[in-house]
Amino acid sequence: DTAVSQTPKYLVTQMGNDKSIKCEQNLGHDTMYWYKQDSKKFLKIMFSYNNKELIINETVPNRFSPKSPDKAHLNLHINSLELGDSAVYFCASSQDRASGGTDTQYFGPGTRLTVL
Amino acid sequence: SQQGEEDPQALSIQEGENATMNCSYKTSINNLQWYRQNSGRGLVHLILIRSNEREKHSGRLRVTLDTSKKSSSLLITASRAADTASYFCAAAGNKLTFGGGTRVLVKP
């Protein structure tokens, strides 16, 4: 069984559109994350949620809105897509029970977003 | 600027050789972690070394940590073609901060 899954795997869309990426983990973890990996492979945290509560919001434009309906799901909605949003987005989870993110993280397979 | 700089950026070796990569970070940490990323895939956790540890082994992996120099190294011994991947260090403070990665190519 896949521990952390994301859909879709590929997303190609036009500038200005709105899109969502879904993430689910079946590990029973309390904390989930969204990361952005750019074309140079730099991986940067965007958000983290602990038990459905937003813990980290790393200077991400407010066009990006995470939503956690329950602690097993963390979805990412992006409004008014821009060319610079093209990247690979990774969801991850960890067992961290507090606001710290120091435990081992388990990553999803990634969603490659291409904005034309 | 990126915390967790890695060196070298790329490494090409023959199967059976050892691969060593280094990582530096900037702030205090609880632990330091290493991850592997195969092309087109997600990151996979390899090993975690706590801030009060100096060296740790796991199979063919050896990690060192020098908190006074804020640096870590990952050694892969007797490399195999399947070790071809990008390797990332991640400094764990209140969040994971990743380095830029080292791309390792192991030639058969």
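Refer to the preceding data block for the structure.
Presented here is an overview of the structure given in this document. Remember, predicted model here, so these are calculated numbers, not experimental data. (Residues numbered from 1 in each chain as written. Chains lettered and ligands numbered in written order. Predicted model: local features only at pLDDT ≥ 70, side-chain atom pairs only at ≥ 80, totals over all residues. Heavy atoms only, no water.)

## A word on the overall build of chain A
Part 1 of the reasoning: A count of helical and extended segments in chain A gives zero helices and eleven strands.
Part 2 of the reasoning: Along the chain direction, N to C, the helices and strands of chain A fall in the order β-β-β-β-β-β-β-β-β-β-β.
Part 3 of the reasoning: On C-alpha atoms alone, chain A measures out to a radius of gyration of 13 Å, which is about the 13 Å that the 2.2 N^0.38 rule sets for 116 residues.
Part 4 of the reasoning: Considered along the principal axes of its C-alpha atoms, chain A spans approximately 40 × 30 × 30 Å.
Part 5 of the reasoning: The burial tally for chain A puts 46% of its 116 residues in the buried class. (Helix = DSSP H or I, 4+ residues; strand = E, 2+ residues; numbered from the N terminus. Rg over C-alpha atoms; globule rule 2.2 N^0.38 Å. Buried < 20%, exposed > 50% of the residue type's maximum accessible area, 1.4 Å probe, protein only.)

## As for the interface of chain B and chain A
When the parts of a complex come together, some accessible area is lost, and that lost area is often taken as the interface size.
Part 1 of the reasoning: Each side of the interface is counted separately: chain B has 20 residues, and chain A has 21 residues.
Part 2 of the reasoning: For the pair chain B and chain A, the interface holds one salt bridge.
Part 3 of the reasoning: Here B:K95 ties to A:E58 by a salt bridge, and the two come within 2.8 Å at their closest N and O atoms.
Part 4 of the reasoning: There are seven residue pairs in polar contact (both at pLDDT 80 or more) connecting chain B and chain A.
Part 5 of the reasoning: When residues of the side of chain B that touches chain A are traced back to their parent elements, those giving at least two are β4 (31-37), β5 (43-50), β9 (85-92) and β10 (96-98) of chain B.
Part 6 of the reasoning: In terms of residues, the side of chain B that touches chain A owes the most to one element, β4(B), which gives four residues. (Contact = heavy atoms within 4.5 Å. Salt bridge = Lys/Arg side-chain N within 4 Å of Asp/Glu carboxyl O. Polar contact = N/O pair within 3.5 Å; in protein donor to acceptor, adjacent residues only side chain to side chain.)

## Observations regarding the pattern of salt bridges
Part 1 of the reasoning: One pass over the full model with this rule turns up six salt bridges over all chains.
Part 2 of the reasoning: For B:E55, the salt bridge identified is with B:R62, shortest N-O distance 3.1 Å.
Part 3 of the reasoning: By relative accessible area, B:E55 is classed as partly exposed at 40%.
Part 4 of the reasoning: Classification of B:R62 as partly exposed rests on a relative accessible area of 29%.
Part 5 of the reasoning: Salt bridges linked by common partners bring A:R63, A:E82 and A:D85 together as one network.

## Quick notes on unusual backbone geometry
Part 1 of the reasoning: Following A:T7, the chain continues to A:P8 via a peptide bond in cis, the omega torsion being -5°.
Part 2 of the reasoning: Along the chain, the position of A:P8 falls in the loop between β1 (4-7) and β2 (10-13).
Part 3 of the reasoning: The backbone phi angle of A:K41 is positive, close to 75°, even though this residue is not glycine.
Part 4 of the reasoning: Structurally, A:K41 can be placed in the loop between β4 (31-37) and β5 (43-50).
Part 5 of the reasoning: Taking relative accessible area as the criterion, A:K41 reaches 36% and is therefore assigned partly exposed.
Part 6 of the reasoning: One non-glycine residue, B:A78, lies in positive phi territory at about 45°.
Part 7 of the reasoning: With respect to the secondary-structure elements, B:A78 resides in the loop between β8 (71-76) and β9.
Part 8 of the reasoning: The partly exposed category is assigned to B:A78, whose relative accessible area is 38%.

## Quick notes on the layout of surface pockets
Residues and elements named next belong to chain A.
Part 1 of the reasoning: Of the volumes computed, that of the largest pocket is approximately 250 Å³.
Part 2 of the reasoning: Every residue lining the largest pocket is counted, 18 residues in all, and those nearest its centre are Q37, K41, A87, V88 and R112.
Part 3 of the reasoning: Counting only elements with at least two residues in the lining of the largest pocket, the list comes to β9 (87-94) and β11 (111-115).
Part 4 of the reasoning: For the lining of the largest pocket, the class distribution of residues is six nonpolar, seven polar and five charged. (1 Å grid on protein atoms, 1.4 Å probe; cavity = no way out; pocket = protein on both sides within 12 Å on 5 of 7 lines; lining within 4 Å. Points joined across faces, edges and corners; volume = space filled by probe spheres on them. Nonpolar A, V, L, I, M, F, W, Y, C, P; charged D, E, K, R; others polar.)

## A word on the side chain of A:Q105
Part 1 of the reasoning: Position of A:Q105 relative to the elements: it lies in the loop between β9 and β10 (106-107).
Part 2 of the reasoning: Polar contacts involving the side chain of A:Q105 include one to the side chain of A:Y33, which spans 3.4 Å.
Part 3 of the reasoning: When near neighbours in sequence (up to four residues on either side) are disregarded, A:Q105 contacts A:Y33, A:Y35, A:A92, A:S93, A:S94, B:Q33, B:Y35, B:H45 and B:L96.

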